[in-house]
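Geometric and topological summary
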Amino acid sequence: MVKKELLKNEQVERILSPHPLSFMKLQTLCIFVIVWGIVVWWLTEFSEYAGMFSGNTWYPLILWGLVLLLVGVIASLVAIQWTIFFLYLGVFLSAIGLIFWQHWQNDIPLFIFIYSIAVSIVGFLIVELYRRSHKYVITNLRIIFKGGIFTKRERTIRYDKIADIDAKQGVLGQIFGFGTIIPVSQSGFGLGSDKTMAAGGVAVGGTKARLFGFAGGGKEVQTPIARSYYELHGVYPYKDVKQLVEDLVQSHVPTQYQQEQVEFQKQQVDIQTQMRDLLHKQVSDKPRKKMVRQPVEEEEEPEEEEAVERVPRKKMVPPEEGFQSEQVDIQQQMKDLLKKQKTARVNPPEEEEVEEEEAEEETEENEKGKEGS
Amino acid sequence: MADFPLNIDVVVIAALAPILGVTVFWFLQLIFIEIQKRLLSRLRHHHEAFCRFTNYIGIFFQTICQALGYTVTRSGISSFQVTVNYGKVEPKKEKEGVFEWIVRSFLLFGPFFIPAGLVLLVSYGVIGRGFSFPSLVHYTFVESLTGFWASLSTYGTEFVRFLINIDLLNPLHVGFVFVLLFFGLGIRPSYIGQERKEKIDILHDLIHIKDHLLEKPLYLLVIVLLLYLFYILSLFLNPAVYIGLFVIFGWMSLTAIIAILLTYPLLLLIWATDAIQPQWKIVPFITIPVSYIGSRVFFIYYPTNELERVSLLVMFLSTILVTIALIKYKRTNRFKTATKMKHVRVADGKKGTSKK
């Protein structure tokens, strides 16, 4: 990974890519093409059933194509991915095109054999290229997913945004020690739905009367699912990587106590802001007379409130006029805020409590003093 | 109705003949399984994935057998789980007594016979001629044993003849070899762990089976009585039926033995290639198809009647020679240890060496 891509204080923990056997589903498609091509060649040329195919030169191609497409349909239904069918359809149509273009009508079985091997090799190469385009970078702050041959895709997820981790290990994964880990984000990225549908029809009757029945049903299941470039697809060693990711997620998820502390700090900041506003108001509303600086000791702020802008330490109090009604209101509001501040504490340390009480008492004394003056 | 003399040989001892035959073949199967286990244990260190694969097949069949036991006893299956390390089947209803005993019987005996039975079914399509049931003249112990042996001998001979004349350019034959190898690696009920464990020993299996049988002697007695009843009935109808039942079990054992034997060359080859430098390891495996196809192509121009047999021989010899040559000239560095020495510690905290 380019160092420039890393954030401040970010360190790479692990760089991973999918295991060579992790795309076995795609590789199986190629294996089937090669095996079926060999079987058709053997069946039509060398087996005891070869005579059945001698009637027409197109029989081997028809057999090959029909089975290929049938398997394509079945595989598409099972995998819920119609790309497989269209892929096989493309292979079949290309074969027909090549036969017509090169006039290989008389050597169809041999053509099927060679063509199947060639197509499978190309298929394997594309799958391998696709696999190698994937790169997963696990850093101490986030996971970066990269993939795609032509269109480069990238996904980044921070550990504190991971809501759930889905991990799966197939039979091959268990044998060879790789597996897939899908981090599901809080927004639901990484969740998908599997939809299956079954339908059937029946036609009864002759040329005049026909009945046609159709029955169908569907089921949709919400499941963790993602493209291989948006998940840790087929990573090795699975257990270690899973442990690492879980540890990192755990270290970035605030605990209950931390969450309470953050909430408490937010409340404190709100209270301080309101108090500051009140003090500003108190100062700005004072009458334009001779003023005497009178020190007013404010309550000590808790440590966590240091970040908040500090309020003026001294107030301008008119010496002889006393407080107007507005000033009394402000004082009253400040008193309320202080009470609120006290009650909002979550398990406050004893020292802070004492200081706060002292500050409150001082404020009350000030009020009395001001009222008296 | 058959006519038979009423003496102890016919009425009692002859009934034991096929049981004895099956027991002998089953013991043979156990011994070959044990050898395979030892080979796999030796490979485990360098071929973790391969051993996990064989474990998976074995555990899969073991779990299937247990599930079959629950199905037969109508306990139902609430969960079925198979992983590389363990298999787990849970019944819907926990039944006790005889049902529990039957389930355990399936679990203990099933892995020895059910995968072999599946191979037997497949092999029927390939070597149909070998499946002949005995036809008896006299209902004696020796006659029964001879009939049992004759059936197995015919089957075995046909099987071996097929293997010797196998055409590896025939997809069906190749498929059958793969099935044999696949099942051959899985016809064992035990798990090959990282360390040598007691539970992978033959004795451990046998002790388990003995305990199971002696745990409920009454059930065993009932089975023996049922078998004997079946034998008596078959005496009146056709004693070959009784022997035929055990012949099927014998065929299963024989199939399992052949399948296990076929895996030996593969395991030995894998073991031998460990002594070869990594970049050359693949060569012996490539030699297998290359030498066979090369030989077949050669015999297209120089035809011979023993085409398949000679090609097979050429393939075996080439692979052996290439492997030996590579071991001699491209030997790997034996001083490399898989376990890092710095990780080896003795109990007192000092550095030590690995004890083997």
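Residues numbered from 1 in each chain as written. Chains lettered and ligands numbered in written order. Predicted model: local features only at pLDDT ≥ 70, side-chain atom pairs only at ≥ 80, totals over all residues.

1. Let's talk about the domain arrangement of chain B
Residue and element names in this part refer to chain B. Taken as a whole, chain B is organised into domain 1 (8–267) and domain 2 (275–332). Here the C-alpha centre of domain 2 lies 34 Å away from the C-alpha centre of domain 1. Facing the six residues of domain 1 at the interface are five residues of domain 2. (Domains from an automatic or database assignment. Contact = placed C-beta atoms within 7 Å.)

2. A word on the nonpolar core
Counting residues in each nonpolar core, the largest one holds 33 residues, and the members touching the most others are Ile187, Leu254, Ala256, Ala259 and Ile260 of chain B. Here this core gets 13 residues from one element, more than from any other, and that element is helix α8 (residues 239–273) of chain B. Contacts of Ile187 of chain B, omitting those with residues within four sequence positions, involve Ile33, Pro115, Ala116, Ala256, Ala259 and Ile260 of chain B. Ranked by size, the runner-up nonpolar core spans 26 residues in total, among them Ile143, Ile182, Val245 and Val249 of chain A. (Core = buried A, V, L, I, M, F, W, Y, C linked by C-beta atoms within 7 Å. Buried ≥ 20, exposed ≤ 12 C-beta atoms within 10 Å, placed from the backbone. Helix = DSSP H or I, 4+ residues; strand = E, 2+ residues; numbered from the N terminus.)

3. Observations concerning the interface of chain B and chain A
Often, the extent of an interface is quoted as the loss of accessible area on bringing the components together. Counting residues at the interface gives eight residues for chain B and seven residues for chain A. Among the elements that take part in the side of chain B that touches chain A, helix α2 (residues 48–72) of chain B stands out by supplying four residues, more than any other. Looking at the side of chain B that touches chain A residue by residue, the classes come out as five nonpolar, two polar and one charged. (Nonpolar A, V, L, I, M, F, W, Y, C, P; charged D, E, K, R; others polar.)

4. Re the sheet that holds strand β3 (residues 142–147) of chain A
All names here are of chain A. Pairing in this open sheet of four strands is antiparallel, and the strands run β1-β2-β3-β4 from one edge to the other. Of all strands in the sheet, those bounded by a partner on one side alone are β1 (12–16) and β4 (153–158). Across the sheet, the mean angle from the axis of one strand to that of its neighbour is 10°, orientation sign disregarded. Sheet analysis places β3 next to β4, joined by six bridges and oriented antiparallel. What sits directly across from Arg142, in β4, is Arg158. Along the sheet, helix α6 (residues 238–252) makes contact with β1 and β2 (135–139), crossing β1 at roughly 140°. (Pairing = 2+ DSSP bridges. Axes fitted to C-alpha atoms, helices over the stretch in contact; angles between N-to-C directions.)

5. Topic: helix α3 (residues 83–102) of chain A
Residues and elements named next belong to chain A. With 20 residues, α3 extends 28 Å from end C-alpha to end C-alpha; this agrees with the ideal 28 Å at 1.5 Å per step. Taken together, the buried positions of α3 are Ile84, Tyr88, Val91, Ala95 and Ile99. Viewed end-on, α3 has its buried residues packed into an arc of 70°, placing them on one side of the element. The outward face of α3, more than 90 degrees from its buried face, is lined by the exposed residues Thr83, Phe86, Gly90, Leu93, Ser94, Ile96, Gly97, Phe100 and Trp101. (Expected span 1.5 Å × (residues − 1). Arc of directions from axis to C-beta.)

6. Regarding the packing of helix α3 (residues 98–126) of chain B against α8 of chain B
All names here are of chain B. Running from N to C, α3 and α8 cross one another at 90°; their axes reach a closest spacing of 8 Å. As the angle between them shows, α3 and α8 are arranged roughly perpendicular. Counted together, Phe112, Phe113, Ala116, Gly117, Val119, Leu120 and Ser123 of α3 and Phe249, Trp251, Met252, Ser253, Thr255, Ala256 and Ala259 of α8 form the full contact between these two elements. Residue composition of the contact of α3 with α8, grouped by class: 10 nonpolar, four polar and no charged. (Parallel < 35°, antiparallel > 145°, perpendicular 65-115°, else oblique.)

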